[in-house]
Amino acid sequence: MECGLIGLQGVGKTTLFQALTAHAVPVQVGSMKPNVGIASMPDPRLERIAEFIPPEKLIPATVQVVDIPGVPSGGGAASLNQVLAHIRNVDAIVHVVNCWDSRDAAADVASMDAELILTDLVVVEGAVDKAARAARSGDADAKKRVAVLEKVQEVLSEERAIRNEVWDAAQRALLKSYGFMSAKPILLVANVGEDDVAGGSKAADAVHAAAKDLGTTAVTVCAMIESEISEMAESDRSEMLESMGIERPAIGVLAAAMNVVLGLSTFYTAGEKEVRAWSITAGASAPEAAGTIHSDIQRGFIRAECYHCDDLFELKNEKAIKEAGKLRSEGKSYAMQDGDVVHFLFNV
Ligand SMILES: Nc1nc2c(ncn2[C@@H]2O[C@H](COP(=O)(O)OP(=O)(O)OP(=O)(O)O)[C@@H](O)[C@H]2O)c(=O)[nH]1
Ligand SMILES: [Mg+2]
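In this numbering scheme, every chain counts its residues from 1 along its sequence in written order. A letter from A marks each chain and a number from 1 marks each ligand, given out in the order of writing. Local features in this predicted model are restricted to residues whose pLDDT is 70 or higher, and side-chain atom pairs enter the listing and the counts only when it is 80 or higher, whereas totals over whole chains, interfaces and linings include all residues. Only hydrogens and water are set aside when side-chain values are computed; all heavy atoms of the structure are taken into account.

Caption draft 1: Here's a closer look at the layout of surface pockets. Size it by volume and the largest pocket reaches roughly 780 Å³. The pocket and cavity definitions rest on a 1 Å grid over protein atoms only: a 1.4 Å probe that fits but cannot leave marks a cavity, an open set with protein on both sides within 12 Å along at least five of seven lines marks a pocket, and residues lining either have an atom within 4 Å of a point. What lines the largest pocket is a set of 29 residues, among which Pro42, Glu47, Glu234, Arg237 and Pro249 lie closest to the centre. Ranked by residues supplied to the lining of the largest pocket, first place goes to helix H9 (residues 234-244) with five residues. Residue polarity is assigned by list, with Asp, Glu, Lys and Arg as charged and Ala, Val, Leu, Ile, Met, Phe, Trp, Tyr, Cys and Pro as nonpolar; anything else, Gly included, falls into the polar class. Split into classes, the residues belonging to the lining of the largest pocket amount to 16 nonpolar, five polar and eight charged. Lining of the second largest pocket is provided by 22 residues; of these, Asp91, Arg172, Ala183, Pro185 and Leu262 occupy positions nearest its centre. Grid points are joined across faces, edges and corners, and a volume is the space filled by probe spheres set on the points. Here a helix means four or more residues in a row that DSSP labels H or I, a strand means two or more in a row labelled E, and each is numbered from the N terminus.

The structure is reproduced here in structure tokens:
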């Protein structure tokens, strides 16, 4: 799973990237090359599981983050195309909006969305022609493509994003293969100033309202403070947060919102060696979940022994969970529940 940070120039994308990746990679400032890094997803449930099953290592779920160069506000065709090409490759978009000294944050959101729609429209026009030609020469697959692409074209011509239409799984796969940008899940970040961490400004309000219009959510973050916090030792963080009036790092709030927007859910593996969180597509089957750990476990899947983390929080240990009859044995067709703690049995 790859998340792209996009936005106008100088809105704090690289600052947020450094916060998300805890300054793990040297960044290129103002370069036309994207910065790529791994972000750990903060997860209070993971910490809690480790209280009951103390491990040697605690490993959070991760997501790959790509810090994409800023879109010049004037347009500037050549560099704009370069930027947009990077957006085409990511699975989801996090749009960062300047809320500390923007003149019109709502307009910034709208212009970026319009840019995505317009670029998709150019792509689909070429794609429809090509698919139609193939369909005429008797390609059955191309006929299906034409139907989907014509609907895409209709939606885009009405200046609507593809993401808000209803598509089945096969259609979604097709949209993805074309890299349509307005089809990707999107999350807005209202990047507020240090004097407005609660996000009470007009600009932050405007971004939250714009998110509603787009059919998604917005998260208020002060990238600058989050970036500073991410560099601190764990022990100094809480004091810093308290002094700033921040309840919990916004990165945690952002991670939770990302899970919702991306349609992800989390399962856990827990033992003395490590307690670990794993991200999967919500509703994934037990073998698919096993496959995120290792393809061998998916291939040789026998069954999943699992319980819900809430059972652990209530009953305190696995023995008590078993005695209460809450330890389940699930087969190949089991759809994973968010918060499952799993032990996979497999044979290869
Ligand atoms: N006041 C304030 N300034 C910020 C915040 N986040 C970023 N900045 C400042 O905005 C400037 C640009 O930040 P970057 O993170 O480099 O912005 P960017 O979006 O990566 O910029 P480009 O890659 O050039 O498009 C820097 O001087 C930051 O210090 C914030 O939350 N509050
Ligand atoms: Mg940058």
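Caption draft 2: Structural view of the sheet that holds strand S5 (residues 92-98). Strand order in this open sheet of six strands is S2-S4-S1-S5-S6-S7, and the pairing throughout is mixed. For this open sheet the edge positions go to strand S2 (35-40) and strand S7 (218-221), each flanked by a neighbour on one side alone. Averaged over all neighbouring strand pairs, the angle between strand axes comes to 25°, with direction disregarded. Taken together, the four bridges between strand S1 (residues 2-6) and S5 define a ladder with parallel strand orientation. Note that in S5 the partner of glycine 4 across the bridge is isoleucine 93. Contacts were defined at the residue level, with two residues in contact if any of their heavy atoms lie within 4.5 Å. All axes are obtained by fitting lines to C-alpha atoms, using only the stretch in contact for helices, and the reported angles, taken between N-to-C directions, cover 0 to 180 degrees. Contacting S1, strand S4 (62-67), S5, strand S6 (186-191) and S7, helix H10 (residues 250-262) runs over the sheet at an angle of about 160° to S6. Note on pairing: DSSP must find at least two bridges between two strands before they are called paired.

Caption draft 3: Quick look at the state of the cysteines. Our working definition of a disulfide is a cysteine sulfur pair at a distance within 2.5 Å. For the structure on display, the rule yields zero disulfides. Here cysteine 3 stays free of any disulfide, with the sulfur of cysteine 99 as its closest cysteine sulfur at 19 Å. For the exposure calls, accessible area comes from a 1.4 Å probe over protein chains only, and a residue counts as buried if that area is under 20% of its type's maximum, exposed if over 50%, partly exposed in between. Classification of cysteine 3 by relative accessible area gives buried; the value is 1%. Cysteine 222 takes part in no disulfide bond, and the closest cysteine sulfur, belonging to cysteine 99, lies 11 Å away. For cysteine 222, a relative accessible area of 4% corresponds to the buried category.

Caption draft 4: Fine view of the packing of aromatic side chains. Each Phe, Tyr or Trp ring (for Trp, its six-membered ring) is paired with any other whose centre lies within 6.5 Å, and the angle between the two planes then decides the class: stacked below 30 degrees, edge-to-face above 60, tilted in between. Counted according to the given criterion, the structure contains five aromatic pairs. A centroid spacing of 6.1 Å and a plane angle of 35° characterise the contact between phenylalanine 52 and phenylalanine 313, whose relative ring orientation is tilted. Remark: phenylalanine 313 occurs in helix H13 (residues 309-315) and phenylalanine 52 occurs in helix H2 (residues 44-52); sequence separation between them is 261 residues. Note on phenylalanine 313: relative accessible area 11%, which makes it buried.

Caption draft 5: Structural view of the site of ligand 1. Near ligand 1, the surroundings consist of 17 residues, among which Lys13, Thr14, Thr15, Asn191 and Glu194 are the closest. Interatomic distance of 3.0 Å between a side-chain N/O atom of glutamate 194 and a nitrogen atom of ligand 1. At the level of elements, helix H1 (13-20) and helix H8 (223-231) are the ones that each hand at least two residues to the shell around ligand 1. When residues in the shell around ligand 1 are grouped by element, the largest group, three residues, is from H1. Any residue with a heavy atom positioned within 4 Å of a molecule or strand is treated as near that molecule or strand. Polar contacts here mean pairs of N or O atoms no more than 3.5 Å apart (in protein, one a potential hydrogen donor and the other a potential acceptor; neighbouring residues in sequence count only if both atoms are side-chain atoms).

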